[in-house]
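# Structural overview
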Amino acid sequence: MAHSLIVTTTETDILTTARTQVLENGAGLDEAQVLEVLRLPDSELDALLELAHEVRMRWCGPEVEVEGIISLKTGGCPEDCHFCSQSGLFESPVRSAWLDVPSLVEAAKQTAKTGATEFCIVAAVRGPDARLMAQVAAGIAAIKDEVDINIACSLGMLTQEQVDQLAAMGVHRYNHNLETAKSHFTNVVTTHTWEERWETLRLVREAGMEVCCGGIVGMGESLEQRAEFAAQLASLTPDEVPLNFLNPRPGTPFGDLEPMAGPDALRTVAAFRLAMPRTVLRFAGGREITLGDLGARRGMLGGINAVIVGNYLTTLGRPAESDIDLLGELQMPIKALNDTL
């Protein structure tokens, strides 16, 4: 007796649609489709991650981009980003400090030794002043003299003049996160606007630097807002999207929020990959507490194709060696420097 398979579930429908639209044709899911993915039950998670991995392999290849980050200026920031312990407005344990140029060069050397191709200089500021720009210029010049590595920067909001200066210094990529969906932004930050961040990203793109823009999930946003965020990032067509998961910091307004559940985090990884099939999607902060070692492995097999190794700005990450060993186990080659220049 012949049996016919009748597919009736919406869950399977969105995966079937994504297989054709994204995997075969390379067109990312739109906001409504991303929301369908985020609503998939845990029973569909393995199939979703497998599809996201296929999309990553098809449109990005097997290579993984490895990056280290260092904080040039830590703490004392005048902004009130509710997730951030570097704000000078909150009672958090992070205090203002500057890193000298020799320390910056040494950090770049240690990053390069891991096989990383990207070294990002970060400062906790609204935007850079003349002192910070001078320090960045000195640091970049010293690094370029001694280390063969791409240099990225994350220095807050920029003017046209500052964008031009950074491009002239040879900055390869600029990071400025939108952080969350436009409709949720005022629940996260009140001292500047989403539109101000967007304007900096426009200037960076027009100056010819690569655009690195992502954010943090798990900050009290709804699934609808998470889908909105993915769609807004996709419309920006960033070269890289760092995906952070909230690691609640003591003394911040979000310090009492619960970390995201692992399955929700993995669904988010896969959904962002299906929204942006060709983008460098980077595991960033919070993955350790949200996913742990097993979840990190599943994420690497569920759409991620870049990692930050070592520690973050104010929180500890996994040892760089652990991530490098994991990539070896998964047979994912580290992207060579000459391929990124």
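Cut-offs and rules
- Residues numbered from 1 in each chain as written.
- Predicted model: local features only at pLDDT ≥ 70, side-chain atom pairs only at ≥ 80, totals over all residues.
- Heavy atoms only, no water.
- Helix = DSSP H or I, 4+ residues; strand = E, 2+ residues; numbered from the N terminus.
- Contact = heavy atoms within 4.5 Å.
- Areas by Shrake-Rupley, 256 points an atom, 1.4 Å probe, with all protein chains shown as cover.
- pLDDT = per-residue confidence, 0-100.
- Core = buried A, V, L, I, M, F, W, Y, C linked by side-chain atoms within 4.5 Å.
- Buried < 20%, exposed > 50% of the residue type's maximum accessible area, 1.4 Å probe, protein only.
- Salt bridge = Lys/Arg side-chain N within 4 Å of Asp/Glu carboxyl O.
- Polar contact = N/O pair within 3.5 Å; in protein donor to acceptor, adjacent residues only side chain to side chain.
- Patch = residues over 30% accessible without salt bridge, like charges linked within 9 Å, V, L, I, M, F, W, Y side chains within 5 Å.
- Lys, Arg positive; Asp, Glu negative; His and termini not counted.
- Charge placed at Lys NZ, Arg CZ, Asp CG, Glu CD.

## Brief notes about the overall build of the protein
Helix and strand counts for the protein come out as 11 helices and 10 strands. Considering only contacts in the protein between residues 6 or more positions apart, those separated by 24 or more positions represent 77%. Approximately 14,100 Å² of the protein is accessible, and the part contributed by carbon and sulfur atoms is 52%.

## Considerations on the confidence of the model for the protein
Low-pLDDT portions of the prediction should not be read for the details of their coordinates. Per-residue pLDDT for the protein has a mean of 86; in total, 87% of the residues score no lower than 70. Of the regions scoring below 50 in pLDDT, residues 311-317 engages in 24 contacts with residues more than four places distant in sequence or in other chains.

## Here's the deal with the nonpolar core
With 95 residues, the main nonpolar core has Ile 143, Leu 166 and Met 300 as its most contacted residues. No other element matches the eight residues that helix H9 (residues 262-275) contributes to this core. In this structure, Leu 166 is in contact with Met 133, Val 136, Cys 153, Leu 155, Leu 158, Val 171, Tyr 174 and Met 209, ignoring residues within four places of it in sequence. In terms of nonpolar packing, the next biggest core, distinct from the first, is built from six residues, Ile 69, Cys 120, Val 122 and Ala 152 among them.

## Description of the environment of Lys 113
With respect to the helices and strands, Lys 113 occurs in helix H4 (residues 101-113). Taking relative accessible area as the criterion, Lys 113 reaches 65% and is therefore assigned exposed. Residues Lys 113 and Val 147 lie 34 residues apart in sequence; the distance between their C-alpha atoms is 9.9 Å.

## Brief notes about the pattern of salt bridges
It is possible for side chains bearing opposite charge to pair when their charged atoms get close. Here the structure, examined in full by the defined rule, presents 21 salt bridges. In this structure, the salt-bridge partner of Glu 224 is Arg 39, at a minimum N-O distance of 2.7 Å. Residue Glu 224 is found in helix H8 (residues 223-236), and its partner Arg 39 is found in the loop between helix H2 (31-38) and helix H3 (45-59); the two are separated by 185 residues along the sequence. Here Glu 224 falls in the partly exposed class, since its relative accessible area comes to 41%. Arg 197 serves as the salt-bridge partner of Glu 179, at 3.5 Å between the closest nitrogen and oxygen. Taken together, the residues Glu 179 in the loop between strand S5 (173-175) and helix H7 (194-206) and Arg 197 in helix H7 connect sequence positions 18 residues apart. Neither residue differs from the other here; Glu 179 and Arg 197 are each classed as buried. Taken together, the salt bridges that share partners define one network made up of Glu 65, Glu 67, Arg 173, Glu 210, Glu 240 and Arg 282.

## Re unusual backbone geometry
You will see that Glu 179, though not glycine, has its phi angle at about 75°, which is positive. You will see that Thr 237, though not glycine, has its phi angle at about 45°, which is positive. Counting through the fold element by element, Thr 237 comes out in the loop between H8 and strand S8 (240-245).

## Here we look at the side chain of Glu 65
As for its placement among the helices and strands, Glu 65 is situated in strand S1 (residues 65-74). A polar contact is formed between the side chain of Glu 65 and the side chain of Arg 282, at a distance of 2.3 Å.

## Regarding a negative patch on the surface
A contiguous patch of negative charge, built from Asp 13, Asp 30, Glu 31 and Glu 36, is present on the exposed surface. With respect to the helices and strands, the residue Asp 13 is situated in helix H1 (residues 10-24). The class of Asp 13 is partly exposed, set by a relative accessible area of 37%.

## Focus on the side chain of Thr 268
You can see Thr 268 is positioned in helix H9. What makes Thr 268 buried here is its relative accessible area of 0%. Apart from residues no more than four positions distant in its own chain, Thr 268 is found in contact with Leu 38, Val 217, Arg 226, Leu 243 and Met 260.

## Section: the environment of Ala 138
Mapped onto the fold, Ala 138 is located in helix H5 (residues 130-146). Accessibility expressed as a relative area gives 37% for Ala 138, which makes it partly exposed. Expressed as a C-alpha distance, the spacing of Ala 138 and Val 101, which sit 37 residues apart in the sequence, is 7.1 Å.

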